[in-house]
Amino acid sequence: MVIRKASIKRNTKETSVQVSANIDGTGKTSIKTGINFLDHLMVSFGKHGMMDLKVNAKSNDGIEHHLIEDTAITLGQAIDKALGSRKGITRFSYASVPMDESLAEASIDLIKRPFWKLTLLIKRNKIEDISKEDLEHFFQSLLQNLNSCIHLTVKYGDNDHHKVEAAIKSLAVAFRNASLMDKKQKGIPSTKGSM
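Report follows, based on the coordinates. Keep in mind that this is a model prediction, so the values were computed, not measured. (Residues numbered from 1 in each chain as written. Predicted model: local features only at pLDDT ≥ 70, side-chain atom pairs only at ≥ 80, totals over all residues. Heavy atoms only, no water.)

## Description of the overall build of the chain
Part 1 of the argument: What the chain contains, in helices and strands, is four helices and 10 strands.
Part 2 of the argument: Of the regular secondary structure in the chain, the N- to C-terminal order runs β-β-β-α-β-α-β-β-β-β-β-α-β-α.
Part 3 of the argument: Taken over the C-alpha trace, the chain has a radius of gyration of 16 Å; the compact-globule value for 195 residues is 16 Å, and the two agree within 12%.
Part 4 of the argument: Considering only C-alpha atoms, the chain reaches an extent of 45 × 40 × 25 Å along its principal axes. (Helix = DSSP H or I, 4+ residues; strand = E, 2+ residues; numbered from the N terminus. Rg over C-alpha atoms; globule rule 2.2 N^0.38 Å.)

## Things to note about the sheet that holds strand β4 (residues 52-59)
Strand-to-strand pairing in sheets goes through backbone hydrogen bonds, with the strands running parallel or antiparallel.
Part 1 of the argument: Strands sit in the order β1-β2-β4-β3 across an open sheet of four strands; the sheet is mixed. Edge positions in the open sheet fall to β1 (5-11) and β3 (29-32), since each of these has one partner strand only. Pairs of neighbouring strands in the sheet enclose a mean axial angle of 5°, with direction left out of account.
Part 2 of the argument: Examined bridge by bridge, β3 and β4 share four bridges and lie parallel to one another. Paired with T29 across the bridge in β4 is L53.
Part 3 of the argument: Relative to β3, helix α1 (residues 36-49) is tilted by about 160°, and along the sheet it contacts β3 and β4. (Pairing = 2+ DSSP bridges. Axes fitted to C-alpha atoms, helices over the stretch in contact; angles between N-to-C directions. Contact = heavy atoms within 4.5 Å.)

## Description of unusual backbone geometry
Part 1 of the argument: Not every positive phi belongs to a glycine, and R86 is a case in point at roughly 70°.
Part 2 of the argument: Its place among the elements puts R86 in the loop between α2 (64-83) and β5 (92-99).
Part 3 of the argument: We classify R86 as buried; its relative accessible area is 0%. (Buried < 20%, exposed > 50% of the residue type's maximum accessible area, 1.4 Å probe, protein only.)

## Regarding the sheet that holds strand β7 (residues 115-119)
Part 1 of the argument: With mixed pairing, the four strands of this open sheet are ordered in space as β5-β6-β10-β7. Because the sheet does not close on itself, it has two edges, and the strands there are β5 and β7. Here the strands of the sheet are splayed against their neighbours by 10° on average, with no regard to which way each runs.
Part 2 of the argument: Across the sheet, helix α3 (residues 132-145) touches β7 and β10 (149-156), and the angle it forms with β7 is around 160°.
Part 3 of the argument: Relative to the sheet, helix α4 (residues 160-179) contacts β5, β6 (102-109) and β10, its axis offset from that of β5 by approximately 150°.

## Some points on the pairing of β4
Part 1 of the argument: Inspection of the sheet shows strand β2 (residues 15-22) paired to β4 by eight bridges, in the antiparallel sense. When the sheet's bridge partners are listed, A21 is paired in β4 with L53.
Part 2 of the argument: As a crossover connection, the stretch from β3 through α1 into β4 is left-handed. (Right-handed = clockwise from strand over helix to strand, strands pointing away.)

The values are spatial; any link to function lies outside them.
Right, dumping it as structure tokens:
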């Protein structure tokens, strides 16, 4: 079996981002963005998605929003590229993940038609070292660039940190299961014969 991995570099006047993703990894991560909570979320995404992720991102203009956005874009693009033709994958999956008092659900279809629906239920203006709007934008940019159909919903919770962490973990588990190779699937998992 071919190991599904890819590397993407995104260099602009605003940021320099390098991401390597191995979908068939073991959850090993090396994440360096300089934003602690962002690093924590991507470590969780790799660990629970059983993906090896290496992310090195730095700001060239000192604007945190640009760094968060470009990191999410590049991460999504690297995973999309690593999926390749998506031949033989399970394609669909669903995960419900609790984080203490919070519960998040992710439903995913790895078809190459991007659509996303996101509900995080964040109340505070800032969680750890990231603003609410930048956290929401991180998820939006990641989902958009995964080139898949994804519904990610925090069902309930009291602690915003827990809600966001449950969301990234549910996305990771759903992605891991949807991207698994299905021994019964002999080709493209679509009645169209194309993803």
